[in-house]
Amino acid sequence: MYLLGLDIGSSFVKASVIDAESGQLMAVAHSPEQEMPISAPCAGWAEQDPEMWWENTRLAIKSCLDQGHIDGTAVKAVGISYQMHGLVVVDRDMSVIRPSIIWCDSRAVPYGNEAYEQLGHRYCNGSLLNSPGNFTAGKLAWLKDKEPENFKRIYKLMLPGDFIAMKLSGEIYTTTGGLSEGIFWDFAENRISERVLDHFGFGCDLFPGIIPTFAIQGKLLAEVAEDLGLEKGTPLSYRAGDQPNNAFSLKVMEPGEVAATAGTSGVLYGITDKLMTDKRSRVNIFAHVNHSPGTKRLAMLACINGTGIMNAWLRRNCGAGSGYDEMNRQAEKIAPGSYGLIVYPFGNGAERLLENRNPGASFRKLDLNIHGTSHMYRAVQEGIAYAFRYAFDIMQDSGMEISVIKAGRANMFMSPLFAQLLADLTGASVFLYNTDGSAGAARGAGIGAGIYKDENEAFESMEKVSEVDPERKGSGIYEELYNDWKQTLIRDLE
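The following paragraphs examine the structure supplied in this document. (Residues numbered from 1 in each chain as written. Predicted model: local features only at pLDDT ≥ 70, side-chain atom pairs only at ≥ 80, totals over all residues. Heavy atoms only, no water.)

1. A short note on the overall build of the protein chain
So, point 1. Within the protein chain, the regular secondary structure consists of 17 helices and 23 strands.
So, point 2. At 22 Å, the protein chain has a C-alpha radius of gyration in line with the 23 Å of a compact globule built from 494 residues.
So, point 3. With the principal axes as the frame, the protein chain shows a C-alpha extent of 65 × 55 × 45 Å.
So, point 4. Counting all 494 residues of the protein chain, 61% fall into the buried class.
So, point 5. Across the protein chain, contacts joining residues at least 24 apart in sequence account for 73% of those joining residues at least 6 apart.
So, point 6. Across the protein chain, the mean location of the 46 positive side-chain charges is 3 Å away from that of the 61 negative side-chain charges. (Helix = DSSP H or I, 4+ residues; strand = E, 2+ residues; numbered from the N terminus. Rg over C-alpha atoms; globule rule 2.2 N^0.38 Å. Buried < 20%, exposed > 50% of the residue type's maximum accessible area, 1.4 Å probe, protein only. Contact = heavy atoms within 4.5 Å. Lys, Arg positive; Asp, Glu negative; His and termini not counted. Charge placed at Lys NZ, Arg CZ, Asp CG, Glu CD.)

2. Points about the nonpolar core
Note on soluble globular proteins: their nonpolar side chains tend to be buried together.
So, point 1. One finds Leu140, Phe202, Leu268, Ile405, Phe413 and Trp485 to be the most contacted residues of the largest nonpolar core, which totals 124 residues.
So, point 2. Tallying contributions element by element places helix 13 (residues 373-397) first for this core, with 14 residues.
So, point 3. Among residues more than four places away in sequence, those in contact with Phe202 are Ala137, Leu140, Ala141, Lys144, Phe151, Phe184 and Leu197.
So, point 4. Judged by nonpolar contacts, the second largest core, of 43 residues, contains Ala29, Leu65, Cys104 and Leu230. (Core = buried A, V, L, I, M, F, W, Y, C linked by side-chain atoms within 4.5 Å.)

3. Some remarks on the sheet that holds strand 3 (residues 25-31)
So, point 1. One open sheet accounts for six strands, arranged 3-2-1-5-14-13; its pairing is mixed. Both edges of this open sheet fall to strand 3 and strand 13 (214-219), since each of them pairs with a single strand only. Going from strand to strand, the sheet's axes swing by 25° on average, the running direction of each strand aside.
So, point 2. The pairing of strand 1 (residues 2-8) with strand 5 (residues 75-82) spans six bridges and is parallel. Considered in strand 5, the bridge of Ile8 is made with Tyr82.
So, point 3. Across the face of the sheet, helix 15 (residues 437-448) comes into contact with strand 1, strand 2 (13-19), strand 5, strand 13 and strand 14 (235-241) while running at roughly 130° to strand 1. (Pairing = 2+ DSSP bridges. Axes fitted to C-alpha atoms, helices over the stretch in contact; angles between N-to-C directions.)

4. Describing helix 4 (residues 136-146)
So, point 1. Helix 4 sits mainly inside the fold: eight of its eleven residues count as buried.
So, point 2. Taken together, the buried positions of helix 4 are occupied by Thr136, Ala137, Gly138, Lys139, Leu140, Ala141, Trp142 and Leu143.
So, point 3. Elements in contact with the buried residues of helix 4: strand 6 (88-90), strand 7 (100-101), helix 2 (109-119), helix 5 (148-152), strand 8 (156-158) and helix 8 (194-200).

5. Thoughts on the packing of helix 12 (residues 324-332) against helix 13
So, point 1. At a closest axis distance of 8 Å, the pairing of helix 12 and helix 13 adopts a crossing angle of 95°. Relative to helix 13, helix 12 is oriented roughly perpendicular. For the pair formed by helix 12 and helix 13, the contact residues are Met327, Asn328, Gln330, Ala331 and Glu332 on the first element and Thr373, Ser374, Tyr377, Arg378 and Gln381 on the second.
So, point 2. Its residues assigned to classes, the contact of helix 12 with helix 13 comprises three nonpolar, five polar and two charged. (Parallel < 35°, antiparallel > 145°, perpendicular 65-115°, else oblique. Nonpolar A, V, L, I, M, F, W, Y, C, P; charged D, E, K, R; others polar.)

6. Side note on the side chain of Asn130
So, point 1. Residue position: Asn130 is located in the loop between helix 3 (121-128) and helix 4.
So, point 2. Residue classification places Asn130 among the buried positions, given a relative accessible area of 2%.
So, point 3. Sequence-distant contacts of Asn130, defined by excluding residues within four places in its chain, comprise Cys124, Asn125, Ile183, Val283, Asn284, Ile285, Phe286 and Arg352.

7. A short note on unusual backbone geometry
In terms of backbone geometry, most residues other than glycine have negative phi values and most peptide bonds are trans.
So, point 1. Cis geometry marks the peptide bond from Ser31 to Pro32; its omega dihedral reads 0°.
So, point 2. Phi angles above zero are rare outside glycine, and Ala320 is one such case at about 50°.

8. Considering the packing of helix 13 against helix 14 (residues 416-426)
So, point 1. Between helix 13 and helix 14, the shortest axis-to-axis distance is 9 Å and the interhelical angle comes to 35°. Classified by chirality, the crossing of helix 14 by helix 13 is right-handed. Taken together, the residues of helix 14 that come into contact with helix 13 (itself represented by Arg378, Gln381, Glu382, Ile384, Ala385, Tyr386, Phe388, Arg389 and Phe392) are Leu417, Phe418, Leu421, Leu422, Leu425 and Thr426.
So, point 2. Taken together, the residues that form the contact of helix 13 with helix 14 break down as ten nonpolar, two polar and three charged. (Left-handed = near helix turned anticlockwise from the far one by under 90°.)

9. Let's talk about the pairing of strand 14
So, point 1. The element strand 14 is largely enclosed, with a buried count of seven among its seven residues.
So, point 2. In this structure, strand 5 lies alongside strand 14, joined through five bridges in parallel fashion. By the bridge assignment for strand 14, Ser81 is matched with Ala240.
So, point 3. Note: strand 13 against strand 14, three bridges, orientation antiparallel. Paired with Lys219 across the bridge in strand 14 is Pro235.

10. Some remarks on the pairing of strand 17 (residues 284-287)
So, point 1. With burial as the criterion, each face of strand 17 is covered, one bearing Asn284 and Phe286 and the other bearing Ile285 and Ala287.
So, point 2. Across four bridges, strand 17 lies against strand 18 (residues 298-304) in antiparallel orientation. Across the sheet, residue Asn284 finds its bridge partner in strand 18, namely Leu301.

11. Concerning the pattern of salt bridges
So, point 1. A full pass over the atoms with the stated rule returns 26 salt bridges.
So, point 2. Note that Asp105 is salt-bridged to Arg107, the shortest N-O span being 2.7 Å. The pair formed by Asp105 and Arg107 is uniform in burial state, with each residue classed as buried.
So, point 3. Between Glu254 and Arg297 there is a salt bridge, with the nearest N and O atoms lying 2.9 Å from each other. Residue Glu254 is found in the loop between helix 10 (242-249) and strand 15 (258-262), and its partner Arg297 is found in the loop between strand 17 and strand 18; the two are separated by 43 residues along the sequence. (Salt bridge = Lys/Arg side-chain N within 4 Å of Asp/Glu carboxyl O.)

This is how it looks when you write it as structure tokens:
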């Protein structure tokens, strides 16, 4: 008996199959081979065609089953993880009306800022737990204002995972977590915020029905199952945004536990049972996968849009054919501080962490007589680690206690240097696991379908592969370097 997990990213779609009894990963595949394109019709915009996600979902599933020689009829549940905050709109025929406005698009900032002032800081922070900012509600407001004809055609709005679930099952639903990430959910009233709808002029009929995160959410259509090599009626039994799902994949479920990712963007995601907020709205609070009205499990999310994408840019443009392993080896040969070279990785849209400013990415204090590619390799990893420390400080100042950071051994965490930098800068031990979002979604599907009784059973087989503890000497070196980095950033932003 197998479980299938899907991770719908903005770069790739990944599919994993795990054996339900042993928890062993049986097969994994991604599509396409090269990253999916992101369209930017105007500066600061970022769009993708949802049908492109669907086509690559189909290809990833088929490839995964083929590579693992897996009988698709033995797959008993499907789970979905997806890129957060995207806006997908369909008409009554369930056809996409326009490209999705995805997570790193910054056009909605003025609409979110206006709503924050009009709705009032007290209401937004106390009931929405966020300012509306650059999230799905603001993106829908932009669509209503700038493309009124398209807005009139909307039958339902969705998040990217809801769209993939629709293609698989023919049904349109969403979750409380999804509504909270769109800044539509009133935590005080435990329902869609009427004040948000009234402010923007949205009708309730635009929203799908709400289903639990772990539950039977729909079943595979016959024609879809036949195409994919799966069994008709296989339940969809879990869905969550990529960051809640990443935390779930690491079994980060209880207050004080923190998950990290450092792929295209970087995230620290900590669990709390308290209504926390940052008055400057640099971090966000969303419902975690195990949140319920009776048991608060909220997540404080600090996001840095430009992290791994900076390292990828460096490899493409300055790597001279080097792979990431070689870049890491060269970076390790350079002394801390990169001989004065400073990097700011903020080059992937407006940064919530910086109060929705978009300073761009930059190299500072580049000395043409000293610095070469090895210095750049190290300086980029240091700059990304400093950005994480900046986020870490904001979370702690908001009341979050952090002693251990859990992460999958992937992306930037494949670099021993980066993992050590993060531990030294934060003073927290970094625990690394061989897991990822698609495998986590498969385990979530097992819980939702009743194959596992709870998360303890679902994660019984997961093992920690390494632990990186802070080195006292390194912490002292980097504290001074970080403070210099931070002060320069603050001056630039003023």
